[in-house]
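If you want the building blocks of each chain, they are given just below.
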Amino acid sequence: MAELIDGKALAKEVRAEVKARAEAFRATHNRAPGLDVVLVGEDPASQVYVRNKERAAAKAGIEGRVHRLPAETTEADLLTLIFELNGDDHIDGILVQLPLPDHLHDQTIIDAIDPAKDVDGLHPFNAGLLVVGRKGLRPCTPSGCMRMLEHVACDPKGKRALVLGRSTLVGKPIALMLLEKHATVTIAHSRTIDLADRVRESDIVIAAVGRANLVKGDWIKEGAVVIDVGINRLDDGSLTGDVDFAGAKERASHITPVPGGVGPMTIAMLLSNTVDAAQARIL
Ligand code: NAD
């Protein structure tokens, strides 16, 4: 029976570390690290995410501000705001909540963020630093997954790691981070034809697809570590991941629950990135 990787408890630890670092920063520089979040439109899920980020930032001693803009905001107006935030010395992190309304192009807006303030790690400059194995701001969810592996003493070195999903937000960066830690990495995606076989041979499985119960429990290799990034809402309103949790936990050595797994880690790593950005900017 697998041991649960408790994302809530681990995120609490990370947030306590961040708080101590934020307080030390304030003591030295007479200001708190600053995180500005931009929310365009009224998407209910995005509103909840932004409120959670705002609350978590305040608790961690980070000066959080939210810019709530109407859904019909033009690209020019949004870019003007981003440039203002780029130029404000008291702002260390800028996060634009995605997805943006259809008339705005996510990539155009992300490209406008100063890479030194890109706490979501999505700017092509930061993505490039990750590819070449250099320090930089890295996407929060994959960083949270890596921290979870570290927490359960799962060293990826020499292990077969399977990443399901190849998005810029999760799949690709987590694959690069696992490679950096010397795993033998396979990336599966929507055109992969032998998913069950790939899962069966993997010591580490990271699922980031967004399809409930895509990964069957009996595919999991005995003793594998399973990190389920997927968030899927079922008809009864409950949340579930991409992995058949009940089946997989009979075979895995460690597994993350959904909810209460990767989700809380994402926000904790965002706060951590904000303090990293603040420290790097004053060097
Ligand atoms: P995405 O839609 O951008 O990417 C999904 C990926 O899954 C694609 O690369 C696609 O090729 C792949 N895919 C589709 N069908 C597949 C199949 N049958 N087999 C293998 N791969 C397949 O999504 P995303 O932004 O990467 O997010 C993935 C999931 O993770 C979603 O459920 C999302 O809600 C969740 N998520 C959770 C957090 C968190 O904090 N817990 C953060 C980000 C995303």
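Here is a short report on the structure shown in this document. These figures come from a predicted structure and were not determined experimentally.

1. Regarding the overall build of the protein
(1) Moving on: Within the protein, the regular secondary structure consists of 10 helices and 11 strands.
(2) Moving on: Against the globule reference of 19 Å for 283 residues, the protein gives a C-alpha radius of gyration of 19 Å, in line with a compact fold.
(3) Moving on: Taking the principal axes of the C-alpha coordinates as reference, the protein spans close to 50 × 40 × 35 Å.
(4) Moving on: Split into buried and exposed, the 283 residues of the protein put 48% on the buried side.
(5) Moving on: Expressed as a percentage of contacts within the protein between residues at least 6 apart in sequence, the contacts between residues at least 24 apart total 71%.
(6) Moving on: For the protein, the accessible surface area stands at approximately 13600 Å², while carbon and sulfur atoms represent 52% of it.
(7) Moving on: In the protein, 34 side chains carry a positive charge and 39 a negative one; their mean positions are 5 Å apart.

2. Quick look at empty space enclosed by the protein
(1) Moving on: With the rule as written, the count across this model stands at one cavity of 30 Å³ or more.
(2) Moving on: What lines the largest cavity is Ile 94, Leu 95, Val 96, Ile 110, Ile 113, Asp 118, Asp 120 and Leu 122.
(3) Moving on: Tallying contributions element by element places strand E4 (residues 93-96) first for the lining of the largest cavity, with three residues.

3. A closer look at the site of the ligand
(1) Moving on: Close to the ligand lie 20 residues, the nearest being Arg 166, Ser 167, Gly 210, Ile 231 and Thr 266.
(2) Moving on: The contact in question runs from an oxygen atom of the ligand to an N or O atom on the backbone of Arg 166, over 2.8 Å.
(3) Moving on: A distance of 3.4 Å separates a nitrogen atom of the ligand from a polar side-chain atom of Arg 211.
(4) Moving on: The protein chains hide 72% of the 860 Å² of surface that the ligand would expose on its own.
(5) Moving on: According to the grid-proximity analysis, the pocket containing the ligand is the largest pocket.
(6) Moving on: With three residues, helix H10 (residues 262-282) is the single largest residue contributor to the shell around the ligand.

4. Notes on the sheet that holds strand E5 (residues 160-164)
(1) Moving on: If you walk across this open sheet you meet the six strands as E1-E11-E8-E7-E5-E6, and the pairing is parallel. Both edges of this open sheet fall to strand E1 (3-4) and strand E6 (184-188), since each of them pairs with a single strand only.
(2) Moving on: Direction of pairing for E5 relative to E6: parallel, over a ladder of five bridges. When the bridges of E6 are listed, Leu 162 appears paired with Thr 186.

5. Regarding the environment of Pro 156
(1) Moving on: By secondary structure assignment, the location of Pro 156 is in the loop between helix H6 (140-151) and E5.
(2) Moving on: Note: C-alpha distance between Pro 156 and Asn 86 (70 residues apart in sequence) is 37 Å.
(3) Moving on: The contact partners of Pro 156, leaving out residues within four places of it in the chain, are Met 146, Leu 149, Leu 178, Lys 181, His 182, Ala 183 and Ile 204.

Rules and cut-offs
- Residues numbered from 1 in each chain as written.
- Predicted model: local features only at pLDDT ≥ 70, side-chain atom pairs only at ≥ 80, totals over all residues.
- Heavy atoms only, no water.
- Helix = DSSP H or I, 4+ residues; strand = E, 2+ residues; numbered from the N terminus.
- Rg over C-alpha atoms; globule rule 2.2 N^0.38 Å.
- Buried < 20%, exposed > 50% of the residue type's maximum accessible area, 1.4 Å probe, protein only.
- Contact = heavy atoms within 4.5 Å.
- Areas by Shrake-Rupley, 256 points an atom, 1.4 Å probe, with all protein chains shown as cover.
- Lys, Arg positive; Asp, Glu negative; His and termini not counted.
- Charge placed at Lys NZ, Arg CZ, Asp CG, Glu CD.
- 1 Å grid on protein atoms, 1.4 Å probe; cavity = no way out; pocket = protein on both sides within 12 Å on 5 of 7 lines; lining within 4 Å.
- Points joined across faces, edges and corners; volume = space filled by probe spheres on them.
- Near = heavy atom within 4 Å.
- Polar contact = N/O pair within 3.5 Å; in protein donor to acceptor, adjacent residues only side chain to side chain.
- Sits in = over half its atoms within 2 Å of the grid points.
- Pairing = 2+ DSSP bridges.

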